[in-house]
Amino acid sequence: NLYFLFFSFESWAAVFLLLGSVVDPCSSQTYALNDKAGLGRVFDGIGGLSGGGATSRLLVNYAEPYRSQILDYLFKPNFGASLHILKVEIGGDSQTTDGTEPSHMHYESDENYFRGYEWWLMKEAKRRNPNVTLIGLPWAFPGWVGHGKNWPYDFPDITAAYVVNWILGAKQYHDLDIQYVGIWNERNFDSKYIKLLRYTLDKNGLEGVRIIASDNLWEPITLYLLLDPELGRAVDVIGAHYPGTTTVKEAVKTQKKLWSSEDYSTFNDEVGGGCWARILNQNYVNGNMTATISWNLVASYYEDLPFGRDGLMTAEEPWSGNYVVESPIWITAHTTQFTQPGWTYLQTVGHLAQGGSYVALTDGTGNLTVVIETMTHDHSVCIRPPLPPFNVTSQNATFQLQGSFASIKELQVWRSQFNFKTKKPSFFEKLTPLKLVDGSFTLNLAEDEVYTLTTITTGQKGSYPDPPPSARFPKVYKDNFDIRNPPFSEAPDFADQTGVFEYYINLTDPGPHVFTLRQVLTERPVTWAADADQTISVIGDYQWHDLTVTCDVFMESVKTGGVFIAARVDKGGQSIRSANGVFFWVFADGTYKVTNDLAGQTVLAEGQSGTRAYGWHTLSLTVKGQYALGQLNGYPLWKNAVVLTPKNGWAAIGTRSFELAQFDNFAVVAG
Ligand SMILES: *[C@@H]1O[C@H](CO)[C@@H](O)[C@H](O)[C@H]1NC(C)=O
Ligand SMILES: *[C@@H]1O[C@H](CO)[C@@H](O)[C@H](O)[C@H]1NC(C)=O
Ligand SMILES: *[C@@H]1O[C@H](CO)[C@@H](O)[C@H](O)[C@H]1NC(C)=O
Ligand SMILES: *[C@@H]1O[C@H](CO)[C@@H](O)[C@H](O)[C@H]1NC(C)=O
Ligand SMILES: *[C@@H]1O[C@H](CO)[C@@H](O)[C@H](O)[C@H]1NC(C)=O
Ligand SMILES: *[C@@H]1O[C@H](CO)[C@@H](O)[C@H](O)[C@H]1NC(C)=O
């Protein structure tokens, strides 16, 4: 090739010597890294997505120092993933994949900017990296926003005001500047609404908040942007989900920023790390995308919920303190620790001759970061879309630095080797810096490797002592909801799957029920997934089979009130409507029921209970082998209900409909 012709023997020999091995130049392909002809696109960062839904639920319940350690691995600069972007769900009271997240406005007249954990998470990210880019996106909306319809655009001014309130609340109560906001995750957009959102933001002094649309596919938003100049002015970023590293030419034609605004969603083993390595490079190389955001940030939800462990790391055991820094954390570090949003890609990026890819970025003042990946097909499959076949083999690659970079004398070298054959991977290892002669260096690239070569010297592989060993959820668990973790509105380890369960204080109660947990939704939200018609919050160990669940319950609907406690609940997330288990219900009309399903279709027992609204009752459910029995206020109410399936599942509490009800003195004793 061309460069070889102009190379003296001496300079090659010098390079080979410095690399410590003799490289045959004939078997090495050369790639120029050059800024002379101009640069490529501005880089916007690598991020993680908390929410969509409830994916950080268990993180907040970790004790210190583990919780801070996990946050450091995610956000602390020059430590771990050192993420540039945190995207969060704007809670909409609705099931959005692995649970519900509370809205800042459950009701039209209600405003509260202290619910849930996303505010806390954004502040923790910001505390570690003041430059972190914050993004908010709704998946769902409280019922009143849709005026009873499962559609948020009939009253676009109400929806826009609702979203803008969240952004204003972030600033007013938490001093958080939200920089980007989206429309409606993976659902229809409405041009009129987007323009109104832009207008409402501007009217509220939020001109700097940029709009991302439409968090779905490249089309049809791209076409609308090209045909409607006013819409074009309202939208700053086209955000596509799971783009498979490619874009469409119309999207390039809009001259907008193109982002993979949700990607990854892959089990976080080594193949997951390989997926992440491949798409972080190739989303730009193939698809001109300048930001990639992982769903999800951290797998902090019960693993038996849908898409278990699809996060950059795993922190799903607050009761033990155990967490796992998975390979995607170190793969992220290869880019994030050596670039910043605002850096620019070089035009000289691309594929390697024998498979794999390289990108190069600069800060514009002479710094250069090159990231190279040689992930093979089978070791880099993501959950979606299907990955067309390609081949990667080991190869020698020579990089020739030109333009502003021609005089660089030394590059820091960081390497990850997946080593699938030996199953002994090494991630984010700092190697001896490379001395450059005539701006050239050659790498002996094996399959399934990631390299960073950079002028930035601040990279660090952070570490903490091993966290406590993994352990199952405690077999004996009690919560009287009296001791509260001040910043949070929900009780530890309860994972709401439909409805929202919040700490409640009844100061007029003279007895033991001042502090309770209350289901607060009174109407069905504008949903994203299939919320159940009942509300339900699950807790515990999915493997639980024989156990006793006890809870005090208080109905607040005189006519239609109904509450339950349950065991062996076998489904959550988007499948919550079809959850089975053993459900012990009491109703305000003085009856009880035992059903095999949340929907209440399969009745195992029923009869009179004398239960009523506005009085506390103690329910107790024991399931042992194939039999179940229930007690009311300490007395047997029913027994010998036969339970063939499911064999195991979580414990749960809930209500018959979207209605107010309270719970107190929750306890589980598992066998
Ligand atoms: C890379 O270069 C080394 C040293 O010249 C050589 O032994 C090896 O065969 C080359 N590898 C490939 C894949 O060309
Ligand atoms: C934040 O950005 C500024 C300006 O780009 C930079 O000087 C500073 O080092 C950044 N801080 C961190 C923690 O990355
Ligand atoms: C988009 O990517 C393609 C393929 O790498 C490249 O040829 C083109 O120059 C890029 N266009 C822009 C505007 O970034
Ligand atoms: C590179 O970045 C560092 C800060 O990380 C800065 O001090 C230096 O001036 C930059 N430029 C070059 C050419 O290294
Ligand atoms: C990969 O390599 C195999 C074996 O050489 C070949 O048969 C196949 O066509 C290649 N696939 C691609 C996509 O190049
Ligand atoms: C609060 O407690 C009082 C006294 O027990 C009771 O009458 C009232 O119904 C309770 N209200 C709620 C909302 O729990």
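The rules behind each value
Residues numbered from 1 in each chain as written. Chains lettered and ligands numbered in written order. Predicted model: local features only at pLDDT ≥ 70, side-chain atom pairs only at ≥ 80, totals over all residues. Heavy atoms only, no water. UniProt positions renumbered as here; feature names shortened; annotations may be inferred. Near = heavy atom within 4 Å. Polar contact = N/O pair within 3.5 Å; in protein donor to acceptor, adjacent residues only side chain to side chain. Areas by Shrake-Rupley, 256 points an atom, 1.4 Å probe, with all protein chains shown as cover. 1 Å grid on protein atoms, 1.4 Å probe; cavity = no way out; pocket = protein on both sides within 12 Å on 5 of 7 lines; lining within 4 Å. Points joined across faces, edges and corners; volume = space filled by probe spheres on them. Nonpolar A, V, L, I, M, F, W, Y, C, P; charged D, E, K, R; others polar. Buried < 20%, exposed > 50% of the residue type's maximum accessible area, 1.4 Å probe, protein only. Helix = DSSP H or I, 4+ residues; strand = E, 2+ residues; numbered from the N terminus. Pairing = 2+ DSSP bridges. Axes fitted to C-alpha atoms, helices over the stretch in contact; angles between N-to-C directions. Left-handed = near helix turned anticlockwise from the far one by under 90°. Contact = heavy atoms within 4.5 Å.

Per an unreviewed UniProt entry, the chain goes by Galactocerebrosidase and derives from Dicentrarchus labrax. Under Subcellular location (unreviewed entry), UniProt gives the following word-for-word description of the chain: "Lysosome". Taken from UniProt, the Sequence similarities (unreviewed entry) comment for the chain reads in full: "Belongs to the glycosyl hydrolase 59 family."

**A word on the site of ligand 5**
Taken together, the neighbourhood of ligand 5 is formed by Pro-389, Phe-390 and Asn-391. Between an oxygen atom of ligand 5 and a side-chain N or O atom of Asn-391, the distance comes to 2.3 Å. Here ligand 5 has 360 Å² of accessible area as a free molecule, and 25% of this is covered by the chains.

**What to know about the site of ligand 2**
In the vicinity of ligand 2, the residues found are Pro-77, Asn-129 and Asn-131. For ligand 2, whose accessible area on its own is 360 Å², the fraction buried by protein is 33%.

**Focus on empty space enclosed by the protein**
If you walk through the whole model with that rule in mind, you get five cavities of 30 Å³ or more. Its boundaries defined by the atoms lining it, the largest cavity holds a volume of some 100 Å³. Class assignment of the residues belonging to the lining of the largest cavity gives a composition of four nonpolar, five polar and four charged. In this model, the second largest cavity occupies a volume close to 70 Å³.

**Here we look at the pairing of strand S1 (residues 28–33)**
When you tally the buried positions in S1, you get five out of six residues, the bulk of the element. Pairing analysis gives six bridges linking S1 to strand S17 (residues 395–401), with the strands arranged parallel. Counterpart to Gln-29 in the pairing with S17 is Ala-397.

**Regarding the packing of helix H3 (residues 66–75) against helix H4 (residues 118–128)**
Between H3 and H4, the shortest axis-to-axis distance is 10 Å and the interhelical angle comes to 65°. Once H3 is placed against H4, the crossing between them reads as right-handed. Residues Arg-67, Ser-68, Leu-71, Asp-72 and Phe-75 of H3 pack against Trp-120, Leu-121, Glu-124, Ala-125 and Arg-128 of H4. Residue composition of the contact of H3 with H4, grouped by class: five nonpolar, one polar and four charged.

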